[in-house]
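Topology and contacts: notes
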Amino acid sequence: MKTRKPMVAGNWKMNKTPTEARDLIRGLLPELKDVEAVDVVVCPPFVCLGVASVELAGSKIALGAQNLHWQASGAYTGEISAGMLKELCQYVIIGHSERRAMFGETDESVNKKVLAALAAGLKPIVCVGETFDENQAGKTAEVVGRMVWEGLKNLDAEQAALIVVAYEPVWAIGTGLAATPEGANSVHKDVIRPILREMFGAEVGDGMRILYGGSVTAANAAELFAQSDIDGGLIGGASLKVESFTAIVKAAL
Ligand code: 13P
C-alpha cells in the first residue's frame, strides 16, 4: 500500500484560449466529481486562470499555473508574481524543461521561484529531468540529482513537505516514447527519493510525491502508477482532452 496520495496534474502548456479552457473544464468536472483518492490539478495558461478558477470553484479539481516570477511586484514587464497567482490558484509548475531549454531557466532561477511560491502560499511542482544526450552518457543521476539539490536548497522540512517533484526525462516529453515503468521508478526511488531524505529527513522525504511526466497516455498510465515511487503523473498532450485525462486520473485510483 502506498501512503502518499497520488496526484495527476495536467500541464496544458501553450494550448487553449479562455473559452476553450472553460469548455475543457466543463467537460472534466462531471467525469471527475467523485474522485477523492487522487489529487487532480489542471495547469492552463495564465490568461485562462481567471475563468478556470471560477469554473472550478467548489470542485475537487485544483488549479495551477505554469510559471511565475520570483519578485513580488515591480518593473518586470510581462511577468506574473506569486501573489497574483495566489488569488487564483494553489499550485505552480516550476522549472519545466521547456522553460530551461527555451527561456533561460536555471537551477538558480528555479530555486528563487520555489522560495517565492512558498512564501506566497503556493505549492510548487518542481520539474527535473535529463536530456537524451545526458541519458546516453550515463549522466541521469548526476543531472537529476543536481537539479533536486539546487532547485530545493534553502528550504526547511516544513516547506519541503509542500513540494511535488516531477521527473520528466526530456527525451520522453512529447515523443510518444515514455520511460519504462521500471526505468522511471529507479530514478524516483534510487536517485530522487534518497536526496529528498538526505535534505529534509526520512519522514518528510518519504512523504513527498514524485510524479512522472513524459508521454503518459491512457494506455501506459496504470503500469507507471503501479510502481513503488511513481506517485502520479504530470501530463502534457493527453491532458488536453476530457477522455484521455479522465482515464489517466482513474488509472491512479
Ligand atoms: P507530454 O505528456 O505531452 O509528453 O508532456 C509531458 C510534459 O512535459 C508535462 O509537463
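Please refer to the structure higher up on the page.
What you are looking at is a predicted structure, and each value in this text was computed from that prediction instead of being measured. (Residues numbered from 1 in each chain as written. Predicted model: local features only at pLDDT ≥ 70, side-chain atom pairs only at ≥ 80, totals over all residues. Heavy atoms only, no water.)

**Details of the environment of Gln159**
Quick note on the threshold: Counting from the N terminus, the helices are DSSP H or I runs at least four residues long and the strands are E runs at least two residues long. Three exposure classes are used, based on accessible area relative to the maximum for each residue type with a 1.4 Å probe and protein chains only: buried under 20%, partly exposed in between, and exposed over 50%. Should any heavy atoms of two residues lie within 4.5 Å, those residues are counted as being in contact.
As for its position among the elements, Gln159 is in helix H8 (residues 157-160). Accessibility expressed as a relative area gives 24% for Gln159, which makes it partly exposed. Sequence separation between Gln159 and Pro6 is 153 residues, and the spatial gap between their C-alpha atoms is 19 Å. With residues up to four places along the chain from it excluded, the contact list for Gln159 reads Leu118 and Asn154.

**Examining helix H2 (residues 49-56)**
To be explicit about the condition: It is the directions from the helix axis to the C-beta atoms that the arc portrays.
Of the residues making up H2, those classed as buried are Leu49, Ala52, Glu55 and Leu56. Along the axis of H2, the buried positions cluster into a sector of 125°, meaning they face one direction only. Where H2 is buried, its residues touch helix H1 (18-32), strand E2 (39-43), strand E3 (62-65) and helix H3 (82-86).

**Quick look at the site of the ligand**
Counted only if it meets this: When at least one non-hydrogen atom of a residue lies within 4 Å of a molecule or strand, that residue is treated as near it. Counting of polar contacts relies on pairs of N or O atoms within 3.5 Å, with two restrictions inside protein: one atom must be capable of donating a hydrogen and the other of accepting it, and residues adjacent in sequence are counted only when both atoms are side-chain atoms. Here the accessible surface of atoms and residues is derived via Shrake-Rupley with a 1.4 Å probe, and residues count as covered only by protein chains that are part of the display.
Around the ligand sit Asn11, Lys13, His96, Glu168, Ala172, Ile173, Gly174, Gly214, Ser215, Leu234, Gly236 and Gly237, and those are all the residues in its vicinity. Interatomic distance of 2.9 Å between a backbone N/O atom of Gly236 and an oxygen atom of the ligand. Within the backbone of Gly237, one N or O atom sits 2.8 Å away from an oxygen atom of the ligand. Protein contacts shield 94% of the accessible area of the ligand, which totals 310 Å² for the unbound molecule.

**So, the sheet that holds strand E6 (residues 164-167)**
Filter applied, for reference: At least two bridges found by DSSP between two strands are what make those strands a pair. To obtain each axis, a line is fitted to C-alpha atoms, and for helices this fit is confined to the stretch in contact; angles are then taken between N-to-C directions over 0 to 180 degrees.
The sheet built from eight strands closes into a barrel, its strands ordered E1-E2-E3-E4-E5-E6-E7-E8 with parallel pairing. Neighbour to neighbour, the strand axes of the sheet diverge by 25° on average, direction disregarded. Strand direction decides the pairing type here: strand E1 (residues 7-11) and E2, joined by five bridges, are parallel. By the bridge assignment, Val8 is partnered in E2 with Val40.

**Topic: the packing of helix H5 (residues 107-120) against helix H7 (residues 140-151)**
Put simply, the rule is: When describing relative orientation, an angle under 35 degrees is termed roughly parallel and one over 145 degrees roughly antiparallel, while 65 to 115 degrees is termed roughly perpendicular and anything else oblique. Each crossing gets its hand from how the near helix is turned against the far one by less than a right angle, where anticlockwise is left-handed and clockwise is right-handed. Under the scheme applied here, ten amino acids are nonpolar (Ala, Val, Leu, Ile, Met, Phe, Trp, Tyr, Cys and Pro), four are charged (Asp, Glu, Lys and Arg), and all others, including Gly, are polar.
Running from amino to carboxyl end, H5 crosses H7 at an angle of 40°, the nearest separation of the two axes being 8 Å. With respect to their mutual orientation, H5 and H7 come out oblique. Seen from above, H5 lies across H7 with right-handed handedness. When H5 is examined against H7, the residues Asp107, Val110, Asn111 and Val114 are found in contact with a partner set consisting of Arg146, Met147, Glu150 and Gly151. Of the residues belonging to the contact of H5 with H7, the class tally is three nonpolar, two polar and three charged.

**Remarks on the nonpolar core**
Applicable threshold: Nine residue types can take part in a nonpolar core, namely buried Ala, Val, Leu, Ile, Met, Phe, Trp, Tyr and Cys, and a core is a set of them joined through side-chain atoms within 4.5 Å.
In terms of nonpolar packing, the biggest core is built from 66 residues, with Leu152 and Ile192 touching the most fellow members. Examining the composition of this core, we find that seven residues originate from one element, helix H9 (residues 181-200), more than from any other. Among all residues touching Leu152, those that are not within four sequence positions of it are Asn111, Val114, Val126, Met147, Ile163, Val165, Leu196, Met199, Phe200 and Met208. Counting residues in each nonpolar core, the second largest holds 13 residues, with Ala9, Ile125, Cys127 and Leu234 among its members.

**Quick word on the layout of surface pockets**
Note the threshold: Here a cavity denotes a set of grid points, spaced 1 Å apart and computed over the protein atoms alone, in which a 1.4 Å probe fits but from which it cannot get out, and a pocket denotes an open set meeting protein on both sides within 12 Å along at least five of seven lines; residues with an atom within 4 Å of a point are reported as lining. Grid points are joined across faces, edges and corners, and a volume is the space filled by probe spheres set on the points.
Roughly 460 Å³ of internal volume is contained in the largest pocket. In this structure, the largest pocket is lined by 14 residues; those nearest its centre are Lys13, Met14, Gln66, Arg99 and Phe103. For the lining of the largest pocket, the element with the most residues is helix H4 (residues 97-102), which contributes three residues. Along the lines of polarity and charge, the residues of the lining of the largest pocket split into seven nonpolar, four polar and three charged.

**Observations regarding unusual backbone geometry**
The backbone of Asn154 sits at a positive phi, close to 65°, despite the residue not being glycine. With respect to the helices and strands, the residue Asn154 is situated in the loop between H7 and H8. Its identity is not glycine, yet Ser215 carries a phi of approximately 60°, on the positive side. Mapped onto the elements of the fold, Ser215 is located in the loop between strand E7 (209-213) and helix H11 (221-225). Here Ser215 falls in the buried class, since its relative accessible area comes to 16%.

**Remarks on the pattern of salt bridges**
Once their charged atoms are close, side chains differing in charge can pair, the charge on each being opposite to the other. How we decide: The term salt bridge refers to a pairing of a side-chain nitrogen on Lys or Arg with a carboxyl oxygen on Asp or Glu at a separation within 4 Å.
Scanning the entire structure with this criterion turns up 18 salt bridges. Asp231 is the partner of Arg4 in a salt bridge, and the nearest nitrogen-oxygen pair spans 2.9 Å. Here Arg4, found in the segment before E1, pairs with Asp231, found in the loop between H11 and strand E8 (232-235); they are 227 residues apart in sequence, far enough to count as distant. The exposure classification of Arg4 matches that of Asp231, with both residues buried. The partner of Asp190 in a salt bridge is Lys189, with the nearest N and O atoms 3.8 Å apart.

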